[in-house]
Amino acid sequence: MLLRGKTVIVSGVGPGLGHQVAALAARDGADVVLGARTKENLAKAAAAIDPDGAHTAWRPTDITDEAQCEALAALALRRFGRIDAVVHVAALDSHFGGLEDADFATWQQVIDVNLLGGLRMTRACLPALGERGGSVVFIGTQSSVAAPSQVRQAAYAASKGALVSAMYSLARELGPRRIRVNTVQPGWMWGPPVRAYVQFTAHTEGVPEAEVLGRLTERMALPELATDGDVAEAAVFLASDRARAITGQSLLVNAGELMR
(Lines give C-alpha, C1' and ligand atoms only; values in the text may rest on other atoms or scores of the structure.)
Protein backbone atom coordinates (compact mmCIF):
# COMPACT_ATOMS: atom_id res chain seq x y z
CA MET A 1 0.00 0.00 0.00
CA LEU A 2 1.42 3.36 -1.07
CA LEU A 3 0.40 5.25 2.05
CA ARG A 4 0.46 2.65 4.82
CA GLY A 5 1.25 4.32 8.14
CA LYS A 6 0.84 7.83 6.70
CA THR A 7 -1.60 10.58 7.65
CA VAL A 8 -3.01 12.62 4.78
CA ILE A 9 -5.05 15.82 5.03
CA VAL A 10 -7.43 16.48 2.13
CA SER A 11 -9.10 19.88 1.79
CA GLY A 12 -12.24 20.44 -0.24
CA VAL A 13 -13.89 17.05 0.29
CA GLY A 14 -17.23 17.12 -1.49
CA PRO A 15 -18.93 14.73 -3.90
CA GLY A 16 -16.26 14.94 -6.60
CA LEU A 17 -12.47 15.06 -6.70
CA GLY A 18 -11.96 15.67 -2.99
CA HIS A 19 -13.97 12.56 -2.15
CA GLN A 20 -11.97 10.54 -4.66
CA VAL A 21 -8.63 11.67 -3.24
CA ALA A 22 -9.71 10.86 0.30
CA ALA A 23 -11.12 7.47 -0.72
CA LEU A 24 -8.01 6.45 -2.65
CA ALA A 25 -5.69 7.60 0.14
CA ALA A 26 -7.66 5.42 2.56
CA ARG A 27 -7.60 2.55 0.06
CA ASP A 28 -3.82 2.80 -0.01
CA GLY A 29 -3.52 2.57 3.76
CA ALA A 30 -3.54 6.17 4.99
CA ASP A 31 -5.31 7.69 7.93
CA VAL A 32 -7.22 10.51 6.26
CA VAL A 33 -8.29 13.85 7.71
CA LEU A 34 -11.05 15.53 5.72
CA GLY A 35 -11.74 19.25 5.56
CA ALA A 36 -14.43 21.24 3.74
CA ARG A 37 -16.91 23.98 4.53
CA THR A 38 -19.98 21.74 4.46
CA LYS A 39 -20.44 19.45 7.45
CA GLU A 40 -22.93 17.20 5.67
CA ASN A 41 -20.50 16.48 2.81
CA LEU A 42 -17.75 15.60 5.27
CA ALA A 43 -19.91 13.29 7.34
CA LYS A 44 -21.21 11.51 4.24
CA ALA A 45 -17.74 11.10 2.74
CA ALA A 46 -16.23 9.81 5.98
CA ALA A 47 -19.03 7.28 6.43
CA ALA A 48 -18.59 6.00 2.87
CA ILE A 49 -14.80 5.82 3.03
CA ASP A 50 -14.38 4.43 6.54
CA PRO A 51 -17.65 3.20 8.09
CA ASP A 52 -16.19 2.41 11.53
CA GLY A 53 -14.31 5.72 11.71
CA ALA A 54 -11.01 4.17 12.75
CA HIS A 55 -8.97 5.73 9.96
CA THR A 56 -10.71 9.04 9.25
CA ALA A 57 -11.34 12.30 11.04
CA TRP A 58 -13.07 15.40 9.75
CA ARG A 59 -13.74 18.98 10.65
CA PRO A 60 -15.64 21.77 8.85
CA THR A 61 -12.90 24.03 7.53
CA ASP A 62 -12.94 27.27 5.56
CA ILE A 63 -9.44 27.69 4.17
CA THR A 64 -9.84 31.46 4.00
CA ASP A 65 -9.64 31.39 7.83
CA GLU A 66 -6.16 30.73 9.17
CA ALA A 67 -7.42 29.58 12.57
CA GLN A 68 -9.62 26.94 10.92
CA CYS A 69 -6.66 25.67 8.89
CA GLU A 70 -4.64 25.38 12.09
CA ALA A 71 -7.51 23.54 13.78
CA LEU A 72 -7.65 20.95 10.97
CA ALA A 73 -3.90 20.36 11.28
CA ALA A 74 -4.30 20.04 15.04
CA LEU A 75 -7.05 17.46 14.58
CA ALA A 76 -4.73 15.33 12.44
CA LEU A 77 -2.06 15.42 15.13
CA ARG A 78 -4.52 14.74 17.94
CA ARG A 79 -6.08 11.73 16.21
CA PHE A 80 -3.13 10.22 14.36
CA GLY A 81 0.01 11.85 15.75
CA ARG A 82 1.53 12.97 12.46
CA ILE A 83 0.99 14.67 9.11
CA ASP A 84 2.73 13.20 6.09
CA ALA A 85 0.90 14.78 3.18
CA VAL A 86 -1.58 17.52 2.37
CA VAL A 87 -3.66 17.46 -0.82
CA HIS A 88 -5.38 20.76 -1.61
CA VAL A 89 -8.57 20.20 -3.56
CA ALA A 90 -10.64 23.08 -2.13
CA ALA A 91 -11.31 25.68 -4.82
CA LEU A 92 -13.68 28.40 -5.89
CA ASP A 93 -14.39 27.58 -9.54
CA SER A 94 -17.92 28.87 -10.01
CA HIS A 95 -17.03 32.39 -11.23
CA PHE A 96 -17.12 32.78 -15.01
CA GLY A 97 -16.08 35.62 -17.30
CA GLY A 98 -13.10 37.49 -18.65
CA LEU A 99 -11.49 40.89 -18.24
CA GLU A 100 -14.10 43.16 -19.80
CA ASP A 101 -16.84 41.99 -17.47
CA ALA A 102 -14.55 41.38 -14.49
CA ASP A 103 -15.75 42.06 -10.97
CA PHE A 104 -12.42 42.37 -9.23
CA ALA A 105 -13.98 41.99 -5.79
CA THR A 106 -15.01 38.52 -6.90
CA TRP A 107 -11.55 37.93 -8.36
CA GLN A 108 -10.13 38.70 -4.92
CA GLN A 109 -12.40 36.06 -3.40
CA VAL A 110 -11.25 33.52 -5.97
CA ILE A 111 -7.61 34.31 -5.26
CA ASP A 112 -8.20 34.18 -1.51
CA VAL A 113 -9.50 30.63 -1.78
CA ASN A 114 -7.46 29.16 -4.61
CA LEU A 115 -4.07 30.72 -3.91
CA LEU A 116 -3.96 32.01 -0.36
CA GLY A 117 -6.19 29.25 1.01
CA GLY A 118 -3.81 26.57 -0.17
CA LEU A 119 -0.87 28.48 1.28
CA ARG A 120 -2.64 28.96 4.63
CA MET A 121 -3.37 25.26 4.91
CA THR A 122 0.17 24.38 3.92
CA ARG A 123 1.68 26.71 6.51
CA ALA A 124 -0.54 25.24 9.22
CA CYS A 125 0.91 21.81 8.45
CA LEU A 126 4.56 22.79 8.12
CA PRO A 127 5.71 22.00 11.68
CA ALA A 128 4.38 18.44 11.44
CA LEU A 129 5.50 17.91 7.84
CA GLY A 130 8.98 19.08 8.75
CA GLU A 131 9.41 16.40 11.41
CA ARG A 132 9.82 13.55 8.91
CA GLY A 133 9.52 15.19 5.53
CA GLY A 134 6.39 14.84 3.47
CA SER A 135 4.40 15.99 0.50
CA VAL A 136 2.20 18.91 -0.49
CA VAL A 137 0.02 18.38 -3.57
CA PHE A 138 -1.90 21.28 -5.09
CA ILE A 139 -4.72 20.65 -7.52
CA GLY A 140 -4.32 23.16 -10.33
CA THR A 141 -5.94 23.32 -13.74
CA GLN A 142 -4.92 23.00 -17.36
CA SER A 143 -6.73 26.31 -17.86
CA SER A 144 -3.82 28.11 -16.21
CA VAL A 145 -1.56 27.21 -19.15
CA ALA A 146 -4.09 26.87 -22.02
CA ALA A 147 -7.39 28.74 -21.82
CA PRO A 148 -10.33 26.59 -22.94
CA SER A 149 -12.50 27.84 -25.78
CA GLN A 150 -15.73 26.43 -24.36
CA VAL A 151 -15.88 28.46 -21.15
CA ARG A 152 -14.25 31.64 -19.89
CA GLN A 153 -12.83 31.44 -16.36
CA ALA A 154 -10.09 34.03 -16.26
CA ALA A 155 -10.12 34.51 -12.49
CA TYR A 156 -9.96 30.78 -11.80
CA ALA A 157 -7.15 30.26 -14.32
CA ALA A 158 -5.16 33.22 -12.99
CA SER A 159 -5.48 32.09 -9.38
CA LYS A 160 -4.36 28.56 -10.21
CA GLY A 161 -1.52 29.88 -12.34
CA ALA A 162 -0.35 31.89 -9.35
CA LEU A 163 -0.53 28.72 -7.25
CA VAL A 164 1.82 26.94 -9.67
CA SER A 165 4.25 29.86 -9.45
CA ALA A 166 4.09 29.66 -5.67
CA MET A 167 4.72 25.92 -5.89
CA TYR A 168 8.14 26.47 -7.46
CA SER A 169 9.19 28.79 -4.65
CA LEU A 170 7.81 26.46 -1.97
CA ALA A 171 9.61 23.47 -3.47
CA ARG A 172 12.89 25.34 -3.17
CA GLU A 173 12.12 26.76 0.28
CA LEU A 174 10.85 23.53 1.85
CA GLY A 175 13.11 21.05 0.08
CA PRO A 176 15.83 21.18 2.76
CA ARG A 177 13.22 19.86 5.21
CA ARG A 178 12.42 17.02 2.79
CA ILE A 179 9.01 18.48 2.05
CA ARG A 180 8.07 17.98 -1.59
CA VAL A 181 5.63 20.32 -3.37
CA ASN A 182 3.94 19.44 -6.66
CA THR A 183 0.82 20.28 -8.66
CA VAL A 184 -1.63 18.07 -10.53
CA GLN A 185 -3.30 19.95 -13.39
CA PRO A 186 -6.50 18.34 -14.66
CA GLY A 187 -7.97 19.17 -18.03
CA TRP A 188 -11.60 18.34 -18.76
CA MET A 189 -12.23 15.84 -15.97
CA TRP A 190 -15.32 13.65 -15.92
CA GLY A 191 -16.96 14.21 -12.57
CA PRO A 192 -19.86 16.25 -11.15
CA PRO A 193 -18.88 19.69 -12.58
CA VAL A 194 -18.19 18.48 -16.13
CA ARG A 195 -21.24 16.22 -16.05
CA ALA A 196 -23.33 19.27 -15.14
CA TYR A 197 -21.72 21.28 -17.94
CA VAL A 198 -22.50 18.57 -20.49
CA GLN A 199 -26.09 18.28 -19.30
CA PHE A 200 -26.64 22.05 -19.25
CA THR A 201 -25.11 22.58 -22.70
CA ALA A 202 -27.09 19.73 -24.22
CA HIS A 203 -30.32 21.09 -22.75
CA THR A 204 -29.56 24.67 -23.84
CA GLU A 205 -28.67 23.68 -27.41
CA GLY A 206 -31.27 20.96 -27.74
CA VAL A 207 -28.72 18.31 -28.69
CA PRO A 208 -27.87 14.90 -27.19
CA GLU A 209 -25.40 14.86 -24.31
CA ALA A 210 -23.24 12.49 -26.34
CA GLU A 211 -22.75 15.23 -28.93
CA VAL A 212 -21.50 17.72 -26.33
CA LEU A 213 -19.22 15.10 -24.81
CA GLY A 214 -17.92 14.25 -28.26
CA ARG A 215 -16.83 17.85 -28.82
CA LEU A 216 -14.61 17.53 -25.76
CA THR A 217 -13.19 14.08 -26.41
CA GLU A 218 -12.31 14.79 -30.05
CA ARG A 219 -9.58 17.09 -28.73
CA MET A 220 -7.95 14.30 -26.73
CA ALA A 221 -5.18 11.91 -27.79
CA LEU A 222 -6.99 9.21 -25.80
CA PRO A 223 -10.61 8.56 -26.76
CA GLU A 224 -12.20 9.52 -23.45
CA LEU A 225 -11.91 12.15 -20.75
CA ALA A 226 -9.81 11.60 -17.68
CA THR A 227 -12.00 11.08 -14.63
CA ASP A 228 -11.78 12.59 -11.17
CA GLY A 229 -10.55 9.16 -10.11
CA ASP A 230 -7.66 9.41 -12.58
CA VAL A 231 -6.68 12.79 -11.16
CA ALA A 232 -6.95 11.43 -7.63
CA GLU A 233 -4.61 8.56 -8.51
CA ALA A 234 -1.97 11.08 -9.63
CA ALA A 235 -2.38 13.08 -6.41
CA VAL A 236 -2.04 9.95 -4.25
CA PHE A 237 1.11 8.93 -6.11
CA LEU A 238 2.69 12.34 -5.53
CA ALA A 239 1.71 12.13 -1.85
CA SER A 240 3.51 8.80 -1.50
CA ASP A 241 7.14 7.86 -0.98
CA ARG A 242 7.24 6.49 -4.52
CA ALA A 243 7.51 10.13 -5.58
CA ARG A 244 10.27 10.86 -3.06
CA ALA A 245 12.53 12.51 -5.66
CA ILE A 246 9.80 14.53 -7.39
CA THR A 247 9.31 18.15 -6.38
CA GLY A 248 8.53 21.43 -8.11
CA GLN A 249 6.66 19.66 -10.91
CA SER A 250 3.28 20.11 -12.61
CA LEU A 251 1.63 16.97 -13.94
CA LEU A 252 -1.09 17.35 -16.57
CA VAL A 253 -3.83 14.71 -16.32
CA ASN A 254 -5.86 15.45 -19.43
CA ALA A 255 -6.05 12.39 -21.75
CA GLY A 256 -3.47 14.08 -23.96
CA GLU A 257 -5.49 17.17 -24.90
CA LEU A 258 -2.47 19.39 -24.25
CA MET A 259 1.06 18.00 -24.37
CA ARG A 260 4.01 19.84 -22.88
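Look up a bit, the structure's there.
Residues numbered from 1 in each chain as written. Predicted model: local features only at pLDDT ≥ 70, side-chain atom pairs only at ≥ 80, totals over all residues. Heavy atoms only, no water.

Focus: the overall build of the protein chain
Assigned secondary structure in the protein chain consists of eight helices and nine strands. Looking at the protein chain as a whole, 50% of its 260 residues qualify as buried. Contacts spanning at least 24 positions in sequence make up 72% of the contacts within the protein chain whose residues lie at least 6 apart. On the protein chain, roughly 12300 Å² of surface is accessible, and the fraction owed to carbon and sulfur atoms is 52%. Here the protein chain holds 25 positive side-chain charges and 27 negative ones, and the gap between their average locations is 8 Å. (Helix = DSSP H or I, 4+ residues; strand = E, 2+ residues; numbered from the N terminus. Buried < 20%, exposed > 50% of the residue type's maximum accessible area, 1.4 Å probe, protein only. Contact = heavy atoms within 4.5 Å. Areas by Shrake-Rupley, 256 points an atom, 1.4 Å probe, with all protein chains shown as cover. Lys, Arg positive; Asp, Glu negative; His and termini not counted. Charge placed at Lys NZ, Arg CZ, Asp CG, Glu CD.)

Examining the packing of helix α4 (residues 104–132) against helix α5 (residues 154–174)
Running from amino to carboxyl end, α4 crosses α5 at an angle of 25°, the nearest separation of the two axes being 8 Å. As far as their axial angle goes, α5 and α4 are roughly parallel. Judged by the twist between their axes, the crossing of α4 over α5 is right-handed. Contact residues: Trp107, Val110, Ile111, Asn114, Leu115, Leu119 and Leu126 in α4; Ala154, Ala155, Tyr156, Ala158, Ser159, Lys160, Ala162, Leu163, Ala166, Leu170 and Leu174 in α5. Within the contact of α4 with α5, the residues separate by chemical class into 15 nonpolar, two polar and one charged. (Axes fitted to C-alpha atoms, helices over the stretch in contact; angles between N-to-C directions. Parallel < 35°, antiparallel > 145°, perpendicular 65-115°, else oblique. Left-handed = near helix turned anticlockwise from the far one by under 90°. Nonpolar A, V, L, I, M, F, W, Y, C, P; charged D, E, K, R; others polar.)

A few points about the environment of aspartate 31
Mapped onto the secondary structure, aspartate 31 falls in strand β2 (residues 31–36). Along the backbone, aspartate 31 and glycine 53 are 22 residues apart, and their C-alpha atoms lie at a distance of 10.0 Å. With residues near it in sequence (within four places) discarded, aspartate 31 still touches Lys6, Thr7, Val8, Ala54, His55 and Phe80.

Quick notes on the side chain of threonine 7
With respect to the secondary-structure elements, threonine 7 resides in strand β1 (residues 7–11). In this structure threonine 7 comes out as buried when scored by relative accessible area, which is 0%. One polar contact links the side chain of threonine 7 to the main-chain carbonyl oxygen of arginine 82, over a distance of 3.5 Å. Non-local contacts of threonine 7, meaning those with residues more than four positions away in its chain, are made with Asp31, Val33, Ala76, Phe80, Arg82, Ile83, Asp84 and Ala85. (Polar contact = N/O pair within 3.5 Å; in protein donor to acceptor, adjacent residues only side chain to side chain.)

A short note on unusual backbone geometry
You will see that arginine 178, though not glycine, has its phi angle at about 60°, which is positive. For arginine 178, the position within the fold is in the loop between α5 and β6 (179–186). Residue arginine 178 is classed as exposed on the basis of its relative accessible area, which comes to 65%.

Focus: the packing of aromatic side chains
Here the structure, examined in full by the defined rule, presents two aromatic pairs. Each ring, one from phenylalanine 104 and one from tryptophan 107, has its centre 5.6 Å from the other, and the planes form 70°; the classification is edge-to-face. Placement of the pair is phenylalanine 104 and tryptophan 107 together in helix α4, with a separation of three residues, close to one helical turn. Relative accessible area serves as the criterion here: at 49%, phenylalanine 104 is assigned to the partly exposed category. (Phe/Tyr/Trp six-rings, centres within 6.5 Å; stacked < 30°, edge-to-face > 60°.)

A word on helix α3 (residues 66–80)
Taking 1.5 Å of rise per residue, the 15 residues of α3 would be expected to cover 21 Å, and the 21 Å separating its terminal C-alpha atoms lies within 8% of that figure. All of the buried residues along α3 are Cys69, Leu72, Ala73, Leu75, Ala76 and Phe80. Taken end-on, α3 shows its buried residues confined to a sector of 150°, consistent with a single buried face. Looking at where α3 begins, the residue whose side-chain oxygen comes 2.9 Å from the main-chain nitrogen of alanine 67 is aspartate 65. (Expected span 1.5 Å × (residues − 1). Arc of directions from axis to C-beta.)

Here's the deal with the side chain of threonine 183
Position of threonine 183 relative to the elements: it lies in strand β6. Owing to a relative accessible area of 1%, threonine 183 belongs among the buried residues under this scheme. Beyond its immediate chain neighbours, meaning those up to four positions away, threonine 183 contacts Phe138, Ile139, Gly140, Val164, Met167, Gln249, Ser250 and Leu251.

Function-wise, these values are silent; they only describe arrangement.
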